[in-house]
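Architecture and fold: a report
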Amino acid sequence: MMSATASLAATHLVPFAADELDKNKVTPGVLGFIVFALIGGAVWLLMKSMNKHMKKVDFEETPASPEQGGTGSGGKAARTTTTVTKGAAPKGEPAT
């Protein structure tokens, strides 16, 4: 809650600010430029990092088929992954 002194000071300062403020000349100022420049720099760094990570990704366009000898279109061996859920036993083994 605002005290009486703070309220009185605020009511006396508002007219002074209103006299000095020209609505046609309000700009974001130096602080606005600095914040905008920092955001722009952060976006540039993120895009640079994303490009670096995307170049590392190896996409396989077609899945490996048995008649191709287990290799995809890139000539590399197909990578297989298995997902094991918590508490599940591998195939062929009884759950304990």
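The notes below deal with the structure included here.

Cut-offs and rules
- Residues numbered from 1 in each chain as written.
- Predicted model: local features only at pLDDT ≥ 70, side-chain atom pairs only at ≥ 80, totals over all residues.
- Heavy atoms only, no water.
- Helix = DSSP H or I, 4+ residues; strand = E, 2+ residues; numbered from the N terminus.
- Buried < 20%, exposed > 50% of the residue type's maximum accessible area, 1.4 Å probe, protein only.
- Areas by Shrake-Rupley, 256 points an atom, 1.4 Å probe, with all protein chains shown as cover.
- Patch = residues over 30% accessible without salt bridge, like charges linked within 9 Å, V, L, I, M, F, W, Y side chains within 5 Å.
- Salt bridge = Lys/Arg side-chain N within 4 Å of Asp/Glu carboxyl O.

Each helix and strand in the protein was counted, giving two helices and zero strands. Residues counted as buried form 2% of the 96 residues belonging to the protein. By element, 65% of the accessible surface of the protein is carried by carbon and sulfur atoms, the whole surface being about 9,400 Å².

A contiguous nonpolar surface patch, about 890 Å² in accessible area, is contributed by Leu31, Val35, Ile39, Val43, Met47, Met50, Met54, Val57 and Phe59. Mapping Val57 onto the fold places it in the segment after helix H2 (29-56). A relative accessible area of 38% means that Val57 is categorised as partly exposed.

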